[in-house]
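Remarks on the overall topology
The chain contents come next:
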Amino acid sequence: MSKNLTTRAEDYSKWYNELVVKADLAENSGVKGCMVIKPYGYAIWEKMQAELDRMFKETGHQNAYFPLFVPKSMFEAEEKNAEGFAKECAIVTHYRLKNDPDNPGKLMVDPNAKLEEELIVRPTSEAIIWSTYKKWIQSHRDLPLLINQWANVVRWEMRTRLFLRTAEFLWQEGHTAHATRAEAIEESEKMMNVYADFAENFMGIPVIKGLKTETERFAGAEETYCIEALMQDGKALQAGTSHFLGQNFAKAFDVKFANHEGKLEHVWGTSWGVSTRLMGALVMTHSDDNGLVLPPNLAPIQVVIVPIYKTDEEFKAVSEAAYTLASQFKKLRISVKFDDRTTQKPGFKFAEWELKGVPVRIAIGPKDLENSTFEVARRDTLSKEVVLKDSIVNYVSELLEQIQQSLFNKALDYRNAHITKVESFDEFKNILESKGGFIAAHWDGTPETEEKIKELTKATIRCIALDREEEHGQCVLTGKASQGRVLFAKAY
């Protein structure tokens with residue numbers, strides 16, 4: 001199976017597209033620009049969702065659900081936000097169809113069913129949520145209001161790629177309201193840290209925490225915090241954002257509260273979200289030319305057991321051992337599958353589970369039963385070990401932890417080796433084309449210079465790292481004074 005995969009060195013983009021389809025994660029649908037997430041891919045998303053949902057609830061957030069449609073006038077209320085998303089909006093203009101009199105069996109839009117006001121299919125939910133918060137918030141006793149929703153959104157995309165950029169995608173979006181500016185900023189930073197914790201400790205993806213420039217900031221926000229990851233082809237991927245909205249949406253929708261003195265004030269807001277784009281990040285960070293490589297924390301199947309046999313008697317004996325072993329793993333909440341299909345040979349099964357990225361594979365044959373041993377193969381290194389039956393459960397349990405940490409360490413080493421300081425624009429362009437990755441360069445702080453560099457190189461400022469050193473220098477393009485380095489990269 002993996003032999004049919006294009007290699008990363010040959011064509012990274014093609015490798016990614018083929019892998020997503022062949023590993024049964026997703027496929028293109030009959031609706032242009034939209035994808036079908038297949039059961040195996042959705043199982044990974046469900047594990048992401050469950051862990052993030054737990055983390056949100058631990059930090060005091062509750063889930064709710066808001067409408068898919070937003071009246072156009074409501075969407076326009078926060079002008080910067082509306083302007084920022086205008087070109088990506090899908091719009092509902094009519095509320096019914098009718099039979100086409102000129103084409104029997106066909107339908108047409110009923111011209112008499114035009115909506116009094118167009119409805120926007122949500123590209124993000126600030127407008128509908130803040131119009132609701134106006135009713136929910138009256139007093140300081142109603143704050144903070146910490147709400148999250150799991151939903152789908154639509155952003156009209158002309159050039160799509162499975163998981164990374166589709167017209168419709170799944171995500172979560174948090175929307176919170178606070179009594180003070182300081183509390184809202186604290187919330188924005190807290191959720192950025194939750195995302196970073198999730199990416200690094202659950203997905204095994206190292207990230208850089210930072211601030212977006214004014215140009216790259218979320219439309220309608222005063223500040224955008226982000227986590228940036230680096231893929232194996234040297235391109236960056238924005239893995240999550242958290243926005244400090246100031247009072248922009250509160251003022252647009254007149255959301256006020258009575259403070260302790262009874263005086264009315266506008267609340268302070270945040271919004272934050274991650275999407276199924278994380279699935280793309282997962283594939284591109286860890287996988288290899290043999291297929292998916294999944295960190296154990298996210299693998300729908302953590303251990304697969306493959307029987308080796310020739311006769312029905314051997315199959316029965318091996319199956320008994322496999323079911324006993326599987327039940328031991330299940331008691332430890334290790335997800336396990338015994339691949340007892342009789343229609344496929346072991347070699348086919350090995351290749352299939354390797355392609356699907358199952359972290360640990362155990363083979364059991366008659367000789368293993370005789371010797372009281374099992375053959376254990378790990379997906380990340382493709383290495384094998386023969387392990388005694390009595391120690392197999394502890395061995396695999398520890399091995400899963402090792403694989404999780406090893407994948408993070410490997411990605412971290414790659415990321416750290418691909419952060420390059422440059423002092424001139426010639427060096428900037430050379431590193432960008434020959435090595436890729438993050439380029440730490442001085443920038444004069446102006447949107448004009450940022451745009452010019454993007455125009456000349458296709459590289460954007462991914463973030464102003466929160467842990468950057470204050471270092472005076474000269475902008476790589478203009479030579480003007482700079483207060484510190486920012487991270488540039490080509491990005492998805």
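Look up: the structure comes first, before these words.
Scope of this entry: the structure provided in the associated data block. (Residues numbered from 1 in each chain as written. Predicted model: local features only at pLDDT ≥ 70, side-chain atom pairs only at ≥ 80, totals over all residues. Heavy atoms only, no water.)

A few points about the overall build of the chain
What counts here: We count a stretch as a helix when DSSP gives it H or I for four or more residues in a row; a strand needs E for two or more, and each element gets its number in order from the N terminus. Summary of the burial criterion: residues with accessible area below 20% of their type's maximum are buried, those above 50% are exposed, and those between are partly exposed, where the area comes from a 1.4 Å probe applied to protein chains only.
A count of helical and extended segments in the chain gives 14 helices and 27 strands. Reported as C-alpha extents along the three principal axes, the dimensions of the chain are approximately 80 × 70 × 55 Å. Scored against the burial criterion, the 492 residues of the chain give a buried share of 52%.

A few points about the pattern of salt bridges
Inclusion rule: By definition here, a salt bridge exists when the distance from a side-chain nitrogen of Lys or Arg to a carboxyl oxygen of Asp or Glu is within 4 Å.
Applying the stated rule across the entire model yields 26 salt bridges. Between D24 and K356 there is a salt bridge, with the nearest N and O atoms lying 3.5 Å from each other. Of the two residues, D24 sits in the loop between helix 1 (12-22) and strand 1 (26-28) while K356 sits in the loop between helix 10 (346-355) and strand 19 (360-364), which places them 332 residues apart along the sequence. A salt bridge links E455 to K452; its shortest N-O distance comes to 3.5 Å. Here K452 and E455 lie together in helix 14 (residues 447-457), a separation of three residues that amounts to about one turn. Among the residues examined, E455 registers a relative accessible area of 54% and is labelled exposed.

Here we look at helix 9 (residues 312-331)
As a reminder of what qualifies: Multiply 1.5 Å by the residue count of a helix minus one, and that product is the helix's expected span. By the convention used here, residues are in contact when the closest approach between their heavy atoms is within 4.5 Å.
The terminal C-alpha atoms of helix 9, which comprises 20 residues, lie 29 Å apart, in line with the 28 Å expected from a rise of 1.5 Å per residue. Among all positions of helix 9, only F315, V318, S319, A321, A322, L325, A326 and F329 are buried. On its buried face, helix 9 is in contact with strand 17 (303-307), strand 18 (336-338), strand 19, helix 11 (366-371), strand 20 (373-378) and helix 12 (392-417).

Comments concerning the packing of helix 9 against helix 12
Note the cut-off: A fitted line through C-alpha atoms represents every axis, and for helices the fit uses only the stretch in contact; the resulting angles, taken between N-to-C directions, go from 0 to 180 degrees. For this classification, under 35 degrees means roughly parallel, over 145 means roughly antiparallel, 65 to 115 means roughly perpendicular, and everything else is oblique. Put simply, a crossing is left-handed when the front helix is turned counterclockwise from the back one by less than a right angle, and right-handed when it is turned clockwise.
Where helix 9 contacts helix 12, the two axes come as close as 10 Å, and the packing angle between them is 50 degrees. The orientation of helix 9 with respect to helix 12, classified from their angle, is oblique. Taken as a pair, helix 9 and helix 12 cross one another with a handedness that is right-handed. In this structure, helix 9 uses L325, Q328 and F329 to contact helix 12, whose residues at the interface are I392, V393 and V396.

Here we look at the sheet that holds strand 4 (residues 69-71)
Spelled out, the test is: Whether two strands pair depends on DSSP finding at least two bridges between them.
In spatial order, the strands read 4-8-5; together these three strands make up an open sheet with antiparallel pairing. Only two strands of the sheet have a single neighbouring strand rather than two, namely strand 4 and strand 5 (90-94). Averaged over neighbouring strand pairs, the angle between their axes works out to 35 degrees when direction is ignored. Bridge count between strand 4 and strand 8 (residues 114-121): three bridges; the pairing is antiparallel. If you follow P71 over to strand 8, its bridge partner there is L119.

Here's the deal with empty space enclosed by the protein
Convention followed: Grid points spaced at 1 Å and placed over the protein atoms alone form the basis of the search, with a cavity being a set where a 1.4 Å probe fits but cannot get out and a pocket an open set showing protein on both sides within 12 Å along at least five of seven lines. Lining residues have an atom within 4 Å of a point. Grid points are joined across faces, edges and corners, and a volume is the space filled by probe spheres set on the points. Ten residue types, Ala, Val, Leu, Ile, Met, Phe, Trp, Tyr, Cys and Pro, are classed as nonpolar, four, Asp, Glu, Lys and Arg, as charged, and the remainder, Gly among them, as polar.
Evaluation of the coordinates by the stated rule reveals one cavity of 30 Å³ or more. Estimated volume of the largest cavity: approximately 30 Å³. Every residue along the wall of the largest cavity is listed here: L25, I44, M279, L282, V283, L292 and L294. With three residues, the single largest contributor to the lining of the largest cavity is helix 8 (residues 277-286). Taken together, the residues of the lining of the largest cavity break down into seven nonpolar, no polar and no charged.

A short note on the layout of surface pockets
The probe, sized like a water molecule, is rolled over the atoms to show the empty space still left. There is about 1,700 Å³ of room inside the largest pocket. Lining the largest pocket are 46 residues, and of these E157, R165, Q238, R277 and Y492 sit closest to its centre. Elements that contribute at least two residues to the lining of the largest pocket include exactly helix 4 (79-85), strand 10 (168-178), strand 13 (236-246), strand 16 (268-275), helix 8 and strand 24 (460-465). The residue makeup of the lining of the largest pocket, split by class, is 13 nonpolar, 16 polar and 17 charged. Here the second largest pocket is characterised by a volume of approximately 400 Å³. For the second largest pocket, the lining is made up of 16 residues, of which A465, D467, R468, E469 and L487 are closest to its centre. For the lining of the second largest pocket, the residue count by class is eight nonpolar, no polar and eight charged.

Function cannot be inferred from these measures alone, as they are strictly geometric.
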